[in-house]
Amino acid sequence: PGYDFRRGYLPEAEVEADYDGLAALCAETRAALAAGAVITMAYYPDGRQERLLAARRVPASVDLMHMMTYDQHGAQHSSREFAARAVRLGADGGLPRRAMTLGVPFYGRHSRTGDWTTYEDLVQRHHPLDRAADAVPAPEREGGATIGFNGVDTIVAKTRLAARERLGGVMIWEVGQDCRLAPVTHGETTHVATCPDGEESSLLVAIQRTIATEAASAGGEL
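Keep in mind that this is a model prediction, so the values were computed, not measured. (Residues numbered from 1 in each chain as written. Predicted model: local features only at pLDDT ≥ 70, side-chain atom pairs only at ≥ 80, totals over all residues. Heavy atoms only, no water.)

*Asks:* Mind laying out the side chain of threonine 210, listing which residues take part and the relevant values?
*Replies:* Tracing the chain through its elements places threonine 210 in helix 6 (residues 203-217). Beyond its immediate sequence surroundings of up to four residues, threonine 210 is in contact with Val156, Thr159 and Arg160. (Helix = DSSP H or I, 4+ residues; strand = E, 2+ residues; numbered from the N terminus. Contact = heavy atoms within 4.5 Å.)

*Asks:* Residues and numbers for the sheet that holds strand 7 (residues 116-118), please.
*Replies:* The strand order 7-6-9-8 describes an open sheet built from four strands, whose pairing is antiparallel. Looking at which strands have only one partner, the edges of the open sheet turn out to be strand 7 and strand 8 (135-137). Taking each pair of neighbouring strands and ignoring which way they run, the sheet shows an average axis angle of 30°. Relative to strand 9 (residues 146-148), strand 6 (residues 107-110) is paired through two bridges, and the arrangement is antiparallel. Bridge pairing in strand 9 places arginine 109 opposite glycine 148. (Pairing = 2+ DSSP bridges. Axes fitted to C-alpha atoms, helices over the stretch in contact; angles between N-to-C directions.)

*Asks:* Go over the packing of helix 5 (residues 152-164) against helix 6 with me, naming the residues and quoting the values.
*Replies:* At a minimum axis separation of 9 Å, helix 5 and helix 6 run at an interaxial angle of 35°. Where helix 5 crosses over helix 6, the two elements pack in a sense that is right-handed. Taken together, the residues of helix 6 that come into contact with helix 5 (itself represented by Val152, Ile155, Val156, Thr159, Arg160, Ala163 and Arg164) are Leu203, Ala206, Ile207, Thr210, Ile211 and Glu214. Here the contact of helix 5 with helix 6 is composed, by residue class, of eight nonpolar, two polar and three charged. (Left-handed = near helix turned anticlockwise from the far one by under 90°. Nonpolar A, V, L, I, M, F, W, Y, C, P; charged D, E, K, R; others polar.)

*Asks:* Requested: an account of unusual backbone geometry, with residues and values cited.
*Replies:* The omega torsion across histidine 127 and proline 128 is 0°, close enough to zero to call that bond cis. With respect to the helices, strands and loops of the structure, proline 128 is situated in the loop between helix 4 (119-125) and strand 8. Cis geometry marks the peptide bond from tryptophan 173 to glutamate 174; its omega dihedral reads -15°. You will see that aspartate 71, though not glycine, has its phi angle at about 65°, which is positive.

*Asks:* Please set out the nonpolar core residue by residue, giving values where relevant.
*Replies:* Ranked by internal contacts, the top residues of the largest apolar core, which has 24 residues, are Met41, Tyr43, Leu53, Val58, Met65 and Met67. With five residues, the top contributor of residues to this core is helix 1 (residues 12-32). Methionine 41 has contacts with Leu22, Leu53, Val58, Val62, Leu64, Met65 and His66, leaving out every residue within four places of it along the chain. Core analysis: the next-biggest nonpolar cluster, separate from the first, contains 20 residues, Val104, Tyr119, Ile147 and Phe149 among them. (Core = buried A, V, L, I, M, F, W, Y, C linked by side-chain atoms within 4.5 Å. Buried < 20%, exposed > 50% of the residue type's maximum accessible area, 1.4 Å probe, protein only.)

*Asks:* So what's going on with the side chain of arginine 56? Which residues, and what values?
*Replies:* Looking at where arginine 56 falls in the secondary structure, it is placed in the loop between helix 2 (48-55) and strand 4 (64-67). Judged by relative accessible area, which is 19%, arginine 56 ranks as buried. Other than its neighbours up to four places away in sequence, arginine 56 contacts Glu16, Tyr19, Asp20 and Ala23.

*Asks:* Describe the packing of helix 1 against helix 2, naming the residues involved and giving the relevant values.
*Replies:* Between helix 1 and helix 2, the shortest axis-to-axis distance is 10 Å and the interhelical angle comes to 50°. Considering the angle they form, helix 1 stands oblique to helix 2. Judged by the sense of rotation from one axis to the other, the crossing of helix 1 with helix 2 is right-handed. Facing Glu12, Val15, Glu16, Tyr19 and Leu22 of helix 1, the residues of helix 2 in contact are Arg48, Gln49, Leu52 and Leu53. Classifying every residue of the contact of helix 1 with helix 2 gives five nonpolar, one polar and three charged. (Parallel < 35°, antiparallel > 145°, perpendicular 65-115°, else oblique.)

*Asks:* Account for the environment of tyrosine 19, with residues named and values stated.
*Replies:* Assignment of secondary structure puts tyrosine 19 in helix 1. Judged by its relative accessible area of 2%, tyrosine 19 falls in the buried class. A sequence separation of 110 residues divides tyrosine 19 from leucine 129, and the C-alpha atoms of the two residues are 43 Å apart.

*Asks:* I'd love a proper account of the pattern of salt bridges, names of residues and values included.
*Replies:* Throughout the structure, instances matching the rule amount to twelve salt bridges. With a closest N to O distance of 3.5 Å, glutamate 214 and arginine 160 form a salt bridge. Of this pair, glutamate 214 sits in helix 6 while arginine 160 sits in helix 5, and the two are 54 residues apart along the sequence. Judged by its relative accessible area of 7%, glutamate 214 falls in the buried class. Taking the relative accessible area as the measure of exposure, arginine 160 reaches 33% and is therefore partly exposed. (Salt bridge = Lys/Arg side-chain N within 4 Å of Asp/Glu carboxyl O.)

All we've got here are geometric facts, nothing functional implied.
Here is the structure:
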């Protein structure tokens, strides 16, 4: 709310009105739903939205607040540094850590055009893909254009960051863009496995393993 992707933030009065409306919507949704319902929302971590949300006590009405820590401009749209900064901005802006989730992308973006490519496509197209890689050459291979994404090591580092900062978890955008571990059949159509190296290629498996490791080191509780 209060933001136009072509022009940036709207005039202050419009921004305030939009966030007042969002806060009212969240509170009314909480009141209308049965006990135990999980309410989530997403926001862009820029330091301003955190303060707008906290000032209106939106965290009191929602369970999880998903940080959209991706889609930056440039060669890497979702860096580790951006993730760490988003956590600090949320905490400093008054959002409860247990409500915040760290967004992780299962796709890459072209360094010039911003066009997206699924991780599933990238891991097959560039096999064997180094788990430490966070960029690959763009298809046209002219002028040094690249596709920046989050490889296995970066996904592990971000999941570890979320666990050690005591966040509510990680949010994946979106899980269908991971590679497929096993064939899936729907009716007469079979979608083949697409993880070239099995579980070692899967970002979702990397998250699951990291959560298990962090839980074990924390005595079974995160």
